[in-house]
Amino acid sequence: MPPHSLPRAVFAMNPVHLPALFPSPLMDRLRQCVTIDPGLVVQDFGDPSAAPALARAEVLITGWGCPHVDAEVLDAAPRLRTVLHAAGSVRGLVGDAVWERGLTVSSAVLANALPVAEYTLATILLAGKDAFGLRERFRAERVYPAPDEYTAVGNLGRRVGIIGASRVGRRVLELLRPFDLTVGLYDPYVDPAEAAALGAVPLPLDELLRTSDIVSVHAPDTPETHRMLSRDRLALIPDGGVLINTSRGALVDPEALTAELVGGRISAVLDVTEPEPLPADSPLHHLPNVFLTPHIAGSLGNELARLGGTVVEELERLTTGLPLSYGVRRGELTISA
């Protein structure tokens, strides 16, 4: 397609992410699909220097740090037809006007789910071996435990409970299939037949908590899920159980979780917290039964190119008249991330 006939596009995000999202080979592919200035990365839709490009733009390529896309933005970009998000959820990105004016929206949320699921799989298996706790003990005592102290360690038949058949949750379920684990699933939108197809036993939330050695949270942050793991529900996790949270800290009562962890009854792997980051004086920074990471489960480093690749794939489909592969529908946003 000759350059003059290519759709016009604009980047809108924090420019620090652009080189990792679109390394040279991907940027070359992208520029075969659209006319775009890589030197213009909009951070403020009210910036007068961005106005001419926005007025001509048919495609908006967004990412972390993109301002909210509302009616005022669309008025400044009257030719805009598509928003392609090189990151996860678009819930906080696109306003009602985007849907009301019939724009199509795509997200790299599925690509971003992959590293989160990989992180989760790794931590489930390590938790089943008590790797986190034994590391702390070994570091403190410098001796190997006696053989009879390993009786509760191992992944054979370990009971794993997955909360939420989200994109991450489904990928976790897929990754767990080769292992000799017993997997339960709580998701009010998944029926027993679908749960079985996903390789899990459907369970009510309280029963899942009560019967799981390891609980991993993958539900979206919605009004219905806010504080779903309350003080009473956290108390259902068996003594010695492990809570893994790579979703959002808001799903768990932070005071109740801190009390459980300070008391040492359960352990936790926390990639997300509330607040985030935790205050410097939070006891969770120093507890031996807490493995705390700085929100690293999602795409980082060279994994960002997978997100950019999703956008390029969508552009290649659009320019050949094909529908989006990763389109987002407005109704999905009430029950998804």
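Note that the structure is a prediction, hence the values are computed from the model and not measured. (Residues numbered from 1 in each chain as written. Predicted model: local features only at pLDDT ≥ 70, side-chain atom pairs only at ≥ 80, totals over all residues. Heavy atoms only, no water.)

Draft legend 1. Spatial organisation of the overall build of the protein. When its secondary structure is counted, the protein shows 13 helices and 12 strands. Here the analysis covers contacts within the protein between residues at least 6 apart in sequence; of these, 65% occur between residues at least 24 apart. In the structure as shown, the protein presents an accessible area of about 16,200 Å², 55% of it carried by carbon and sulfur atoms. Looking at the protein, you have 29 positive and 40 negative side-chain charges, and the mean spots of the two groups are 4 Å apart. (Helix = DSSP H or I, 4+ residues; strand = E, 2+ residues; numbered from the N terminus. Contact = heavy atoms within 4.5 Å. Areas by Shrake-Rupley, 256 points an atom, 1.4 Å probe, with all protein chains shown as cover. Lys, Arg positive; Asp, Glu negative; His and termini not counted. Charge placed at Lys NZ, Arg CZ, Asp CG, Glu CD.)

Draft legend 2. Spatial organisation of the domain arrangement of the protein. According to the domain assignment, the protein consists of domain 1 (9–111 + 301–332) and domain 2 (113–292). The distance between the C-alpha centroids of domain 1 and domain 2 comes to 34 Å. For the pairing of domain 1 and domain 2, the buried interface totals around 610 Å² over both sides, and the portion due to carbon and sulfur atoms is 46%. Among the residues of domain 1 in contact with domain 2, Arg91, Val109 and Leu110 are the three that bury the most area, contributing 55% of the side total. Our enumeration of links across domain 1 and domain 2 arrives at zero salt bridges. Put simply, domain 1 and domain 2 have five residue pairs in polar contact (both at pLDDT 80 or more) between them. (Domains from an automatic or database assignment. Buried area = accessible area lost by both parts, 1.4 Å probe. Salt bridge = Lys/Arg side-chain N within 4 Å of Asp/Glu carboxyl O. Polar contact = N/O pair within 3.5 Å; in protein donor to acceptor, adjacent residues only side chain to side chain.)

Draft legend 3. Representation of the side chain of Ser216 within the structure. In this structure, Ser216 sits in strand 9 (residues 214–217). A polar atom in the side chain of Ser216 sits 2.7 Å from the side chain of His218. The residues touching Ser216, leaving out its near neighbours within four places in the chain, are Thr120, Ile124, Gly161, Ile162, Ile163 and Ile244.

Draft legend 4. Broad picture of the UniProt feature "domain: D-isomer specific 2-hydroxyacid dehydrogenase NAD-binding" (unreviewed entry) in the protein. Under the UniProt annotation, "domain: D-isomer specific 2-hydroxyacid dehydrogenase NAD-binding" (unreviewed entry) lies at residues 124–297. Across residues 124–297 one finds 30% helix and 17% strand; the C-alpha atoms that close the span lie 13 Å apart. (UniProt positions renumbered as here; feature names shortened; annotations may be inferred.)

Draft legend 5. Representation of the layout of surface pockets within the structure. Its boundaries defined by the atoms lining it, the second largest pocket holds a volume of some 460 Å³. Lining the second largest pocket we find 27 residues, and of these Ala127, Asp130, Gly240, Val242 and Ser267 sit closest to its centre. Of all the elements, helix 7 (residues 131–141) adds the most residues to the lining of the second largest pocket, at four residues. A class-by-class count of the residues in the lining of the second largest pocket yields 13 nonpolar, seven polar and seven charged. (1 Å grid on protein atoms, 1.4 Å probe; cavity = no way out; pocket = protein on both sides within 12 Å on 5 of 7 lines; lining within 4 Å. Points joined across faces, edges and corners; volume = space filled by probe spheres on them. Nonpolar A, V, L, I, M, F, W, Y, C, P; charged D, E, K, R; others polar.)

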